[in-house]
Amino acid sequence: MNLFKSILFLIQKEFLLEWRQKYAIGGILLYVFSTVFIIFIASQDIEAPVWNSLFWIVILFVSVNAVVKSFTQENGNRAIYYYTLLNPIAVLLSKVIYNILLLTLLGLLTYLAFVLFISNPVEDIERFFLATFLGATGFSIALTFIAAIASKANNSATLMAILGFPIIIPILLTVIRLSEKSFNNPFPTTIGENVAVLGAIDLILLGLALLLFPFLWKE
């Protein structure tokens, strides 16, 4: 089986496992709507910059909760079985792609929850969705690889939080600046510069993950 077919097969496997464990995604959605509803009760009049910051803080914690389980199902005997059959690059890329799709969907659902309970200050919806997709991509790449490292420890969730947030901060700050331009509140840098910075961060993280994951896969 070549690399491309392996990636497609593993992505299909991820969707199948997610469908069988509906309680996991249901818990994440409950977390999203509960958090947004609490924000609505606490403050019903939120300005656009505050709205934007709260949106990405919710996305950040949702991303951690969604990605932390990426490698927990491949521990023990199943990990040894996968190790004998699969290319580690295919394993990593399949999980990254799946998590990008999952986090993008959760980002859109979080946006709908904010619109439903709070307000909709977004004026350029295409630009905002571009920022959401790029942010989901960055979070997915960083958190997927960190989840692989954390899966080797007993307390993976705690280790993932400790390792993840220092790496996530540059992505979070950049995507906040990028998405805020959809509110007609321009920053000194241009949109292209923010997209380039975010894209460069994503590519660097992906390159490091592809380089280091095969060594981690052997452990």
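Preceding this paragraph is the structure being described.
It should be emphasised that the depicted structure is a prediction, and the values quoted were computed from it without experimental measurement. (Residues numbered from 1 in each chain as written. Predicted model: local features only at pLDDT ≥ 70, side-chain atom pairs only at ≥ 80, totals over all residues. Heavy atoms only, no water.)

Peer 1: How do you make sense of a nonpolar patch on the surface when you look at a structure like this?
Peer 2: A grouping of Ile204, Leu208, Leu211, Leu212 and Phe215 is seen on the molecular surface, where their side chains present a nonpolar patch of about 510 Å² in accessible area. With respect to the secondary-structure elements, Leu211 resides in helix H8 (residues 191-218). (Patch = residues over 30% accessible without salt bridge, like charges linked within 9 Å, V, L, I, M, F, W, Y side chains within 5 Å. Areas by Shrake-Rupley, 256 points an atom, 1.4 Å probe, with all protein chains shown as cover. Salt bridge = Lys/Arg side-chain N within 4 Å of Asp/Glu carboxyl O. Helix = DSSP H or I, 4+ residues; strand = E, 2+ residues; numbered from the N terminus.)

Peer 1: Can you help me understand the pattern of salt bridges in this one?
Peer 2: Should the charged atoms of two oppositely charged side chains come close, the side chains can pair. The final tally for this structure, using the stated rule, is 1 salt bridge. Arg127 is the salt-bridge partner of Asp124, the closest N and O atoms lying 3.3 Å from each other. For Arg127, a relative accessible area of 28% gives the class partly exposed. (Buried < 20%, exposed > 50% of the residue type's maximum accessible area, 1.4 Å probe, protein only.)

Peer 1: Would you explain the nonpolar core in this entry?
Peer 2: With 62 residues, the main nonpolar core has Trp51 and Phe139 as its most contacted residues. Where this core is concerned, the elements lending two or more residues are helix H1 (3-20), helix H2 (22-42), helix H3 (48-67), helix H5 (88-117), helix H6 (125-150), helix H7 (156-180) and H8. The residues contacting Trp51, other than those within four sequence positions of it, are Ile46, Tyr111, Phe114, Ile118, Ser119, Pro121, Val122, Phe128 and Phe183. (Core = buried A, V, L, I, M, F, W, Y, C linked by side-chain atoms within 4.5 Å. Contact = heavy atoms within 4.5 Å.)

Peer 1: Would you explain the packing of aromatic side chains in this entry?
Peer 2: The geometry of two aromatic rings is summed up by the distance between their centres and the angle between their planes. Summed over all chains, the structure comprises 15 aromatic pairs. Aromatic pair Phe37 and Phe117: ring centres 5.6 Å apart, planes at 70°, arrangement edge-to-face. Separated by 80 residues along the polypeptide, Phe37 in helix H2 and Phe117 in helix H5 bring together distant segments of the chain. Measuring from ring centre to ring centre gives 5.2 Å for Trp51 and Phe114, while their planes differ by 75°; the resulting arrangement is edge-to-face. Residue Trp51 is located in helix H3, and its partner Phe114 is located in helix H5; the two are separated by 63 residues in the primary sequence. Here the two residues Trp51 and Phe114 agree in accessibility, since each one is buried. Feature note: the residues Trp51, Phe55, Trp56, Tyr111, Phe114, Phe128, Phe129 and Phe139 constitute an aromatic cluster, connected by ring pairs. (Phe/Tyr/Trp six-rings, centres within 6.5 Å; stacked < 30°, edge-to-face > 60°.)

Peer 1: Even after reading the chapter, I still don't get the environment of Ala136, so can you show me in this structure?
Peer 2: By the secondary structure assignment, Ala136 is in helix H6. Residue classification places Ala136 among the buried residues on the basis of a relative accessible area of 3%. Considering only alpha carbons, one finds Ala136 and Ile100, 36 residues apart in sequence, at a separation of 5.7 Å. When sequence neighbours within four positions are dropped, the list of residues in contact with Ala136 reads Ile100, Leu103 and Thr104.

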